[in-house]
Every structure is written in structure tokens, then in C-alpha cells.
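Listed below are the residues making up each chain.
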Amino acid sequence: MNDGIVLSPFGPIEPREGFFYYDEKKATHAINFIEKLIVHTKGRHAGAPFLLDPWQKNEIVRPLFGTVMWDDQYEEYVRQYRIAWLEMARKNGKSELLSAFALLGLVGDFEESAEVYSVAVDRDQAGLVYNTAKRMVELNPILNKRLEIIDSKKRIIDRKTNSFYQVLPGDAAGALGTNPSMVLFDEVLTQRDRHLWDSMRQGFGTRRQPIMIAATTAAYRTAAFALEEHEHSLRVRDDQNMDPARFVFARNVPDDWDWKDEGKPPSAEHPKGTGWYLANPALGSFLNINNLRAEAMEAAEKPTAQNAFRVFRLNQWVSQANRWLDMHLWDENGSPKVDRDRLKGRPCYAGIDLAATGDFNAWVLLFPGTPTDPEADGWTVVPHFWVPRPAVEKRSNMKASFEVWEREGFLTVTEGPTTDFKAIFRHIAQDAETFRIRFFGYDPWNATQLVNELEEHGLTAVKVPQSAARLNDPCKAIESALAARGLHHGGHPVLRWMADNVELDVTGDGLVKPSKAKSGEKIDGIAALANAFFLTALPAEEEAHVTFVNFNDDFTDAELEALLTPAKRQEEREAHFFPDDD
């Protein structure tokens, strides 16, 4: 080979003909561009040169930008890879690396009229990479002099080469008419389908060496498109000749690894480390293992936190477990018994889950504090349930339990084939006289006349959309209360039965909500409890429609500004790293 081109040390042992050559000059150029022109933008390293860690330099930048192939049309060696798949756990510097690559593609890739785009599920997510790149430009005098920032359009321009870097909207339509030389695709796990991906890739036609660099963390297996690309990438990693145009860097802890085992740092025996270190190559550098240890302690007590730890910290693709709640932990929260009389006059929140026809209906009161102390930590739960008699008769396998619960006052069985809303209204009206119900939350999709009547009688109703975005925090609040042994439900048997039935819907990015479809059996009481917990985030002394609360009334503007980093300190930092006598 000529001009220093050799067989790539990063390629397969027997490379496919025409592929996997290596140009050290191109690799070194990319490294020098990043380390000499790019700076960190956050925290204690802000303004310091972006010195690549060995794993970033030798496992990503060198093979990605140094691997070349001969192009007969251009009669020169060009970059071989058209797609790069970077998959590692969160907080290992993916977005910062994408920002550095964006500036390299804009002003360091020797591409005339370059078009560099950041894309993601929405403009805000894509803007995270842009915002960091913008700050990198602002902190470097050379880049700041060369490039023009148009922040209103999230656009950076290099007029000398007629090139630009821009954020695109998170849909396929926004990609029409583009001619990208480089695409930065952030958090692929949030993409619902492949339309945006394909739209950007199909715009490559006229470029000499276009590339799409996709960075993501693992996701739940419900993220179908990201899972498809992940599985294809792993096959390519194992057999690079299968798809020579795809570069793969993937750090995933094996599924059979004990997630609580930290593993070992890189060594001669295990160059990439094991366990937590494998999925988090930045551990010991700019990622602190104590943060992971704290999350692991929490995950040991909470099922969804455990799944989230495995997905986002160990980079494992996880299927949702069959059951959400640990019933041993649930039972530990069952004592003491709850005495309604001792709760009289105490403030509380309420959640309701109504059936459209002859099925279970649930009403749950949620009191701050323990059953005996309203000022203590934790929550006290007082539920009640209704079901029509015919529904009991049809459930032969549960009939005996229903009859016991009815006899002991935990369940009201109403006569008639359908829900007796009058009976429910009478019970809630009595609760409203006995307790100070701040709000009650309900599912707006299944709103009934009962909600209107309760509002007419002075109760404040709050719609609680049954989406993962709305119910994720209430679910986490239930988990946290259980883990702290602070969900005092008194061992209510109907609520326990429903708690044992709950399965979750999990979005690709880890948001959860109780799923009636998956659960199979009844979960109405837990749905009502989640609605009640949703209300606890509302301001206690304000109307439910309040959308903003000013927490700074006790401070003047001057006192608040004194909390900000002085501008002079930043100027001194920039002068230190970029002296005038460059």
C-alpha cells in the first residue's frame, strides 16, 4: 500500500477484499482536532482541553476515523464507515463526544459545503448535543473567531467553507431535502420507528465519505427499533465482514452477570474490565463509582429501580419482570392496623378508579404520616372497594375470598348487574365529612357523572392522564414508600390481592405505569393509589390548576445572583487555558 496505508489493526483477521485499511494520519488528525481545539464545558473541568481517555482514543476515534477503503470513483482512500453505533451506559460522555464529532465534521473533516445535523426523538433532545458544541466554540478563541453561532436557529456556520451544523426536528419530514455529510443521532432508544433513521441515511448520495454516528444507552426490549439495530450491531461486531460499513462500539454487561457485583477494572486478563467497569469505561476517570453504588443500594429494594440500574448503568436490554411489587416487602408495611377513627380531621389525598360497567371500583385515601402521627414520615392508606353481586357470582375461584372480604367490611358488594354509583357517592360523601380531602384524582378517559356530582358537592377533582409520563413518578413514590417501610396500608386484603397482580407497561426509556391489560387480574386499588400519589406533587395550599410556584419569594434578586458563578472566574479560566500569546 502507499502513503502509509496498511491493513487495519482494528479489522478482522481475514478482512473482506477492498476493506479494512488504516491511515494513521487520518486517525491522528481526528485526535489532534479534539484534544487541541475542543474543551470541556461543564463542572470542574470546564474550559480544560478535551483530552481523550485511552478507551475513547483507541477503541472509538482511531478505528472510526482511521479505517479507510479505496474508492474507485474518487480514486482515493476514503473513510470506510458510513454508520457508527456507540452503545454504553449513561454518563460515560456520549453526548460530549458527539458534540466534538459535530465540530470535527463541520470544520475539520476537509468537506466543502459540509452539512452536519443533530437529530433525536425531538428538537430538545437533539439540542443537547448542539448546546454543548456551541459552548465548546464559545470557550475556544480559534473556533469562536472562525465560526458563527445563530442560536435562534440552533445553527453554527463556517462561512469559509460554506458549511453548517444544525439541529433538525425529530421527524422524518424534517430530513427531506438535506444532503448530510455527518449526522449525530442521539439516544436511538427513544425512536419509535426507523423513519427518521432511514431518511437521514438516504440523504448521503452525493457525499464523498458521509457518516451517521449514533450514540445510545440500552433500553427495555419494548424499544423495538433500537433493539433491532442493537442486535444487528452485535452481529457485525462478532463478524465485521458482514457489514464493513458499520462501526460498532458496544459495552454491555452479560445478562447472566450478578448485577450487584461491581466487577474489576481493566487489567491484562480483562483489558476492558468486567461487571460495572465493562459497561462504564469512564469509571475511575470522570465517572464516580460511588454514584453507582448508591443507585445499586436503592435498586436492591425496588424492582423498577433494579431494572433501570441494569438498563442504564449496566447497559443490558431488559424485559419487564412478571410482577412489579415485592409482596414480602408489601407485607412488612402492613402493620400497625389502620384505625379510621384516629384519622378524623386529618388532611389527605384521594384517588378513584371507576369501572364503566359491572366491575371493581376503588377509592383510596392517602394520608401524610403514620396512622397515629400526621407529622411523621411516610403515608397511611385507607382503601375501599365496590363490586356488583353478579361479578362475584361469576368469579367462582375468588368467590370465597370475596365473601370473607365483604363480611369483614373490606369490600362492598352491591345489588344489581352494574356499578352502583349512588353507593359509592354516599361513602365518599361520608369520607368528605370525616376527613379533609384536598383533591381527588381520576382517570379523565373514564370520567362519569359521579365525578361531576362530587365536584358539585365541594370536592376538587384533578384529571390524572393514565400515561407513563404522568404515572412514572407516582409509581416510584409507591416503591420508595415501601422500601422505607413507610406505606402503612394496614394489611388490607383486597388491596394486597391487587398489589400482587400488578404488572407494568415500560416505555423504551424506562418510564412505567400500571398495566391493566398485562396484569390479567384486578389492579384497580393500585391504580387509584397511583392517582392519589400523583396529587401529592401539587401545591398543598393552592388550587389544582396552578402551573407555577415561585419558590424564591424570601430572596432578593441580588441574593439569588450571588449564588451564580462570577463571570470574572470564567474569564480567568479561559485566559489560563487560552493565553493571548497563542
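Look above for the structure.
Source: prediction; values computed, not measured. (Residues numbered from 1 in each chain as written. Predicted model: local features only at pLDDT ≥ 70, side-chain atom pairs only at ≥ 80, totals over all residues. Heavy atoms only, no water.)

Caption draft 1: Structural view of the nonpolar core. Formed by 80 residues in total, the largest nonpolar core has its most connected members in Trp197, Trp330, Phe360, Leu411 and Leu487. In terms of residues, this core owes the most to one element, helix α19 (residues 524-535), which gives 8 residues. Formed by 63 residues, the second largest nonpolar core is a distinct cluster that contains Phe101, Trp259, Trp276 and Ala296. (Core = buried A, V, L, I, M, F, W, Y, C linked by side-chain atoms within 4.5 Å. Buried < 20%, exposed > 50% of the residue type's maximum accessible area, 1.4 Å probe, protein only. Helix = DSSP H or I, 4+ residues; strand = E, 2+ residues; numbered from the N terminus.)

Caption draft 2: How the structure looks around helix α15 (residues 449-456). Residues Leu450, Val451 and Leu454 constitute the buried set of α15. For α15, the angular spread of buried residues about the axis comes to 100 degrees, placing them on one side. Of the surrounding elements, those touching the buried residues of α15 are β13 (347-353), α14 (421-434), β17 (436-442) and β18 (461-463). One or two steps after α15, the chain reaches Gly458, where phi turns positive at roughly 100 degrees. (Arc of directions from axis to C-beta. Contact = heavy atoms within 4.5 Å.)

Caption draft 3: Representation of the pattern of salt bridges within the structure. In this structure the tally under the stated criterion is 32 salt bridges. Of the charged contacts, one joins Arg246 and Asp243 as a salt bridge, the two residues approaching to 3.9 Å between their closest N and O atoms. Each member of the pair, Arg246 as well as Asp243, is classed as buried. The partner of Asp258 in a salt bridge is Lys260, with the nearest N and O atoms 3.4 Å apart. A single network of salt bridges, built from pairs that share partners, joins Arg194, Asp198, Glu228, Glu229, Asp243 and Arg246. (Salt bridge = Lys/Arg side-chain N within 4 Å of Asp/Glu carboxyl O.)

Caption draft 4: Looking closely at the pairing of strand β11 (residues 211-216). In terms of burial, β11 is largely enclosed, as 6 of its 6 residues are buried. Alternating positions in β11 separate into two faces, Ile211, Ile213 and Ala215 on one and Met212, Ala214 and Thr216 on the other, with burial throughout. Bridge analysis of strand β5 (residues 83-87) against β11 gives 5 bridges, and the strand direction is parallel. Bridging across to β11, Leu86 finds its partner in Ala215. Pairing analysis gives 5 bridges linking strand β10 (residues 182-186) to β11, with the strands arranged parallel. Counterpart to Leu184 in the pairing with β11 is Ile213. The β-α-β motif built from β10, the intervening helix α6 (residues 195-201) and the parallel element β11 has right-handed crossover chirality. (Pairing = 2+ DSSP bridges. Right-handed = clockwise from strand over helix to strand, strands pointing away.)

Caption draft 5: Up close: the environment of Asp23. Relative to the helices and strands, Asp23 resides in the loop between β2 (21-22) and α1 (24-37). C-alpha separation for the pair Asp23 and Phe360, spaced 337 residues apart in sequence, amounts to 69 Å. With residues up to four places along the chain from it excluded, the contact list for Asp23 reads Ile5, Gly66 and Val68.

Caption draft 6: Highlighting the sheet that holds strand β9 (residues 163-167). One open sheet holds the 8 strands; their spatial order is β7-β8-β9-β6-β10-β11-β5-β12, and the pairing between them is mixed. Each having just a single partner strand, β7 (148-150) and β12 (246-250) make up the two edges of the open sheet. This sheet shows a mean twist of 10 degrees between the axes of neighbouring strands, independent of strand direction. Both β7 and strand β8 (residues 155-158) contribute to a ladder of 3 bridges, which runs antiparallel. What sits directly across from Glu148, in β8, is Ile157. Sheet strands touched by helix α2 (residues 54-66): β5, β10, β11 and β12. Its angle to β12, the strand with the most contacts, is close to 170 degrees. Strands in contact with helix α3 (residues 94-107) are β5, β6 (115-119), β8, β9, β10 and β11; relative to β10, the strand with the most contacts, it is inclined by about 165 degrees. (Axes fitted to C-alpha atoms, helices over the stretch in contact; angles between N-to-C directions.)

Caption draft 7: Molecular detail of unusual backbone geometry. In the segment running from Ser335 into Pro336, the intervening peptide bond is cis, with an omega of 5 degrees. The phi dihedral of Ser113 is positive, around 55 degrees, even though this residue is not glycine. Inspection of the secondary structure assignment puts Ser113 in the loop between α3 and β6. Under the relative-accessibility criterion, Ser113 is labelled partly exposed at 27%.

Caption draft 8: Up close: the side chain of Asn280. Relative to the helices and strands, Asn280 resides in the loop between α8 (276-279) and α9 (289-299). Asn280 gets classed as buried once you look at its relative accessible area, which sits at 0%. Within the structure, the side chain of Asn280 is placed 3.0 Å from the side chain of Asn92, a separation counted as a polar contact. A polar contact is formed between the side chain of Asn280 and the backbone oxygen of Trp276, at a distance of 2.9 Å. With residues up to four places along the chain from it excluded, the contact list for Asn280 reads Ala89, Arg90, Asn92, Leu287, Leu292 and Arg313. (Polar contact = N/O pair within 3.5 Å; in protein donor to acceptor, adjacent residues only side chain to side chain.)

Caption draft 9: Molecular detail of the environment of Ile156. Here Ile156 lies in strand β8. Looking at Ile156, the relative accessible area reads 0%, which means it is buried. Sequence separation between Ile156 and Lys134 is 22 residues; the distance between their C-alpha atoms is 7.6 Å.

Caption draft 10: Focus on the sheet that holds β2. Spatially, 4 strands are ordered β1-β2-β3-β4 in an open sheet, and the strand pairing comes out antiparallel. Lying at the two open borders of the sheet, with one neighbouring strand each, are β1 (6-7) and β4 (76-79). In this fold α2 packs onto β2, β3 (67-71) and β4, with an angle of close to 10 degrees to the strand it touches most, β3.

Caption draft 11: A look at the side chain of Gln191. Within the fold, Gln191 resides in the loop between β10 and α6. When its relative accessible area of 7% is taken as the criterion, Gln191 is described as buried.

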